Amino acid sequence: EVEMGKALIVETLNTVYTIHILNPQKGEVTVSGGKFFPEPTFCKLSGSKLESGSMLITLYVAFGFCLEFRQTSGEVITTTPVQSISFSSPNRLAN
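Keep in mind it's a predicted model, so treat the numbers as computed, not measured.

**Student:** Is there a simple way to think about the overall build of the protein in this case?
**Tutor:** Each helix and strand in the protein was counted, giving one helix and eight strands. In the protein, the succession of helices and strands from N to C terminus is β-β-β-β-β-β-β-β-α. In summary, the protein has a C-alpha radius of gyration of 12 Å against a globular reference of 12 Å for 95 residues, a match within 12%. In terms of principal-axis extent, the alpha carbons of the protein reach across some 40 × 25 × 25 Å. Considering the protein as a whole, with its 95 residues, one finds that 37% of them fall into the buried category. A distance of 2 Å separates the average location of the 7 positive side-chain charges in the protein from that of its 8 negative side-chain charges.

The following block contains the structure:
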């Protein structure tokens, strides 16, 4: 489990995302990276699912799975499969 205030650096096949955890119980995050999130954007991290699947593992980030984000507009963004996951604190990202 990732604590509030921590950040994940998630590399997918196409993009590197920085995900700041705001409320881990509700999946509230800000995410930046790629064409869908060129600047930090508030959304909900719905969870992870296989690229060809419809079953979602809620509030979970997993290697080899695609991430699903839900924007405040209701639009759902699904990433390509996760290749690496690392953790960082906000202070470390600022340097």
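**Student:** I would appreciate a short explanation of the pattern of salt bridges in the present structure.
**Tutor:** Oppositely charged side chains may form a pair once their charged atoms are brought near each other. Under the criterion given, the structure shown has one salt bridge. Note that Lys49 and Glu68 form a salt bridge whose closest N and O atoms lie 3.3 Å from each other. Of this pair, Lys49 sits in strand 4 (residues 37-49) while Glu68 sits in strand 6 (residues 66-71), placing them 19 residues apart in sequence. No difference in accessibility class separates Lys49 from Glu68, as the two residues are buried.

**Student:** Could you clarify how one ought to interpret the nonpolar core in this entry?
**Tutor:** Within soluble globular proteins, side chains that are nonpolar tend to cluster in buried spots. The biggest cluster of nonpolar side chains holds 15 residues, and the ones touching the most others in it are Ile19, Val29, Val31, Phe37, Leu67 and Phe69. Every element with two or more residues in this core is listed here: strand 1 (7-12), strand 2 (16-23), strand 3 (28-33), strand 4 and strand 6. Setting aside residues up to four positions removed in sequence, Leu67 forms contacts with Val10, Ile19, Leu45, Gly47, Ser48, Tyr60, Val61, Ile77, Thr78, Thr79 and Val82.

**Student:** It is not clear to me how the state of the cysteines should be interpreted in this structure. Could you clarify?
**Tutor:** Covalently bonding the sulfur atom of one cysteine to the sulfur atom of another cysteine gives a disulfide. In this structure the tally under the stated criterion is zero disulfides. Free of any disulfide, Cys43 has its nearest neighbouring cysteine sulfur in Cys66, separated by 16 Å. Judged by its relative accessible area of 1%, Cys43 is buried. According to the relative accessible area criterion, Cys66 is buried, its value standing at 2%.

Rules and cut-offs
Residues numbered from 1 in each chain as written. Predicted model: local features only at pLDDT ≥ 70, side-chain atom pairs only at ≥ 80, totals over all residues. Heavy atoms only, no water. Helix = DSSP H or I, 4+ residues; strand = E, 2+ residues; numbered from the N terminus. Rg over C-alpha atoms; globule rule 2.2 N^0.38 Å. Buried < 20%, exposed > 50% of the residue type's maximum accessible area, 1.4 Å probe, protein only. Lys, Arg positive; Asp, Glu negative; His and termini not counted. Charge placed at Lys NZ, Arg CZ, Asp CG, Glu CD. Salt bridge = Lys/Arg side-chain N within 4 Å of Asp/Glu carboxyl O. Core = buried A, V, L, I, M, F, W, Y, C linked by side-chain atoms within 4.5 Å. Contact = heavy atoms within 4.5 Å. Disulfide = S-S within 2.5 Å.

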